[in-house]
Amino acid sequence: MKKILIAACAGTLMTAASASDTPQDYTHVLPLTTSAKQGVLQLRLPKDVYLHARSPMLDDLRVFDASGMLQPFALRTPGAEARISHRDRPLTIFPLTSAAGPASRLDLDVSTTTDGRLVSVKLKPEVGAATTTVPQLAALVLDLGKDAANTPVDALRFTLPAGTQEYSAQVWLETSNDMKQWDTVGAAELNWLVNKDAQTLSNDRLAFNARSFRYARLSWRSGTPLQFASITAEQPTQTSTALPAEQLLIQPTAGKQPQDLLYATPPAIAPLKAGLQFSDNNAVLAGTLGVYRELPARQAGQGATWRFDPLVSSTFYRILQGDQVRSSGDVDVPPVHATQWVLRTSVPSPLKPALRLNWQPATLVFLASGNGPYTLAVGRASATPVARDLSQVAPGFSDAEVQKLEQVSAGPAVQQQGSGVQDASSALEAATAAQRRLIVLWGVLLLGVGVLGFMVWRLVRSSRSTPPAS
């Protein structure tokens, strides 16, 4: 019973000691600036967060509002940005004229080569249709070429013929791969308007969902059919652009072995690339980048409590050849969290290059549900993680919508001064001292209860052993 009471009281004290979670409990704060009052926002974590974080997984990261209320947030790893550009694809235009005027149903007489290239296209005469003396433009047939099946198109762009400045019409587009079966793609209003200052306002594109086709047929639903000077197909091309990475340059110190150089690294940084930066020219250094690992007690023997884990080996250099400087680039490294990176060479070297680490910062997505301005806090040992799943911060948001969230800007990190900032050692010492005092207090109390019980037992026993008076 005594042990249960002491453990329960100690646990209550430790819970109360760690319940405080305010901006003053963190070593550094960064002011956040946003134009939105409420909603879901995002922030690409600045370098200062990684330099001052105490946790490898950013467990000591918080977002507070002006009143010190914690705001829900999630961390996500951003991928490469996908950008869509367009490449022009030339095509061949075949005008279709009809003596009966614009036809409501286009029956084609087609002549092609063995590879499907159109040679001639003309309309079959409609039986019983009234004819005019002058043939009129009825439609345009477009040939995109034999490799069009492998190159999707999502728009057509039109150019007016020379001498035409204003034009307006509604065009209708159909596509086919065999000139027999036609699929309706869509329509567009084409307009070219010129004001009194000779400025042209134009809508010269017909856009549709990307699709592959060999032939296209353009007809008019309103406006006068026009032989365009050119029609260009636009092919969408998607390119992935890597987001800019953060970079940190670390100066070396002596390692555990004479051939080791030690680089103290913030634990939150898990680099993707690493390289060496030499201060002098004509320097070549072959070595292995790795980390120190502590050995478990059962493996530690003969005084050794650590080992060197190699991660990547390379030859680093900076050579001045004439007017050209040749230098080794960064190499890919496993993304590990370590407080120390090590460069080990085969023999001790007088070169002391700096270590260059490159990493991709995480993106913080938070719900601005409080009162601004908001503050980002970081730097607290043994902090418990509070980051949530993205679906709990931005429920119902698609990946595309999350990427388009408003970007919040963060100011420089401000180190907090005064007694309000708790570091790891002082907090641990305070909690340990309080726990010790509570245990002593309960021990004295239980000892007093025990002594009192013993005295009562002696009195009861003495009264039973004494004979009654005559």
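Below or above, wherever it landed, is the structure these notes cover. (Residues numbered from 1 in each chain as written. Predicted model: local features only at pLDDT ≥ 70, side-chain atom pairs only at ≥ 80, totals over all residues. Heavy atoms only, no water.)

### Focus: the overall build of the chain
The test is simple: We count a stretch as a helix when DSSP gives it H or I for four or more residues in a row; a strand needs E for two or more, and each element gets its number in order from the N terminus. Relative accessibility under 20% of the residue-type maximum defines a buried residue, over 50% an exposed one, and the middle range a partly exposed one, all with a 1.4 Å probe and only protein chains included. For this analysis, residues touch if any pair of their heavy atoms sits within 4.5 Å. We get accessible surface area from the Shrake-Rupley algorithm with a probe of 1.4 Å; when it comes to residues, only the shown protein chains can shield them.
A tally of regular secondary structure across the chain gives five helices and 30 strands. Within the chain, buried positions represent 35% of all 470 residues. Considering only contacts in the chain between residues 6 or more positions apart, those separated by 24 or more positions represent 80%. Counting only carbon and sulfur atoms, one obtains 53% of the accessible surface of the chain, whose full area is about 27,300 Å².

### Things to note about unusual backbone geometry
Peptide bonds are, in most cases, trans, and in most cases residues other than glycine have a negative phi. Residue glycine 372 is joined to proline 373 through a cis peptide bond whose omega torsion reads 0°. If you trace the backbone, proline 373 turns up in the loop between β27 (363-368) and β28 (374-378). A positive phi angle is found at methionine 179, which is not glycine, with a value near 65°. Note that methionine 179 resides in the loop between β11 (167-176) and β12 (183-194). Backbone geometry at asparagine 282 places phi at a positive 55°, although glycine is not the residue there. Along the chain, asparagine 282 turns up in the loop between β20 (273-277) and β21 (283-294).

### Section: the environment of glycine 370
One can find glycine 370 in the loop between β27 and β28. C-alpha of glycine 370 to C-alpha of glutamine 71: the two residues are 299 residues apart in sequence and 7.3 Å apart in space. Those residues within four positions of glycine 370 in sequence are excluded, and the remaining contacts are Gln38, Asp65 and Gln71.

### Observations regarding the packing of aromatic side chains
What counts, and what does not: Aromatic contacts are taken between Phe, Tyr and Trp rings whose centres are within 6.5 Å, Trp giving its six-membered ring; a plane angle under 30 degrees counts as stacked, one over 60 as edge-to-face, and the others as tilted. Here, a charge over a ring means that NZ of Lys or CZ of Arg falls within 6 Å of the ring centre while also lying within 35 degrees of the ring normal.
Summed over the entire model, instances satisfying the criterion amount to 11 aromatic pairs. Considering the side-chain rings of tyrosine 26 and phenylalanine 64, the 6.2 Å spacing of their centres and the 55° angle between planes classify their relative orientation as tilted. Here phenylalanine 64 lies in strand β3 (residues 61-64) and tyrosine 26 lies in the loop between α1 (2-18) and β1 (28-33), a separation of 38 residues in the sequence. Each member of the pair, tyrosine 26 together with phenylalanine 64, is buried. When the ring of tryptophan 192 is compared with that of phenylalanine 228, the centres are 6.4 Å apart and the planes differ by 45°; the resulting orientation is tilted. Of the two residues, tryptophan 192 is situated in strand β12 and phenylalanine 228 in the loop between β15 (215-222) and β16 (230-241); the sequence distance between them amounts to 36 residues. Phenylalanine 228 gets classed as buried once you look at its relative accessible area, which sits at 2%. One aromatic cluster is present, built from ring pairs that chain together Phe158, Tyr167, Trp192, Trp220 and Phe228. Here the basic side chain of arginine 344 rests over the ring of phenylalanine 308, its NZ or CZ set 4.4 Å away from the ring centre.

### Observations regarding a nonpolar patch on the surface
Convention followed: Within this analysis, patches are made of residues with over 30% relative accessible area and no salt bridge. Like charges are joined at 9 Å or less; nonpolar side chains (Val, Leu, Ile, Met, Phe, Trp, Tyr) at 5 Å or less. Salt bridge, as used here: a side-chain nitrogen of Lys or Arg that lies within 4 Å of a carboxyl oxygen of Asp or Glu.
A cluster of nonpolar side chains, Leu447, Val451, Phe454, Met455 and Trp457, forms an exposed patch at the surface whose accessible area comes to about 540 Å². Relative to the elements of secondary structure, leucine 447 occurs in helix α5 (residues 424-465). The class of leucine 447 is exposed, set by a relative accessible area of 58%.

### Brief notes about the side chain of threonine 345
Worth spelling out the cut-off: Think of a polar contact as two N or O atoms within 3.5 Å of one another; within protein, one of them needs to be a possible hydrogen donor and the other a possible acceptor, and neighboring residues in sequence only count if both atoms come from side chains.
Tracing the backbone through its elements, the reader meets threonine 345 in the loop between β25 (340-344) and β26 (354-359). Within the local environment of threonine 345, its side chain forms a polar contact with the backbone oxygen of valine 347, the two atoms lying 2.6 Å apart. Setting aside its immediate chain neighbours within four residues, threonine 345 contacts Gln259, Leu285, Ala286 and Gly287.

### Things to note about the sheet that holds strand β4 (residues 73-76)
The condition that has to hold: Any two strands with at least two DSSP bridges between them are considered paired. Note on geometry: axes are lines fitted to C-alpha atoms, helical ones only across the stretch in contact, with angles between N-to-C directions running from 0 to 180 degrees.
On the basis of which strands lie adjacent, the open sheet formed by three strands has the order β2-β27-β4 and antiparallel pairing. Among the strands making up the open sheet, the edge pair consists of β2 (39-44) and β4. The mean angle between the axes of side-by-side strands here comes to 20°, regardless of whether they run parallel or antiparallel. Of the pairings in the sheet, the one linking β4 to β27 comprises four bridges and is antiparallel in character. The partner of alanine 74 across the bridge, within β27, is valine 365.

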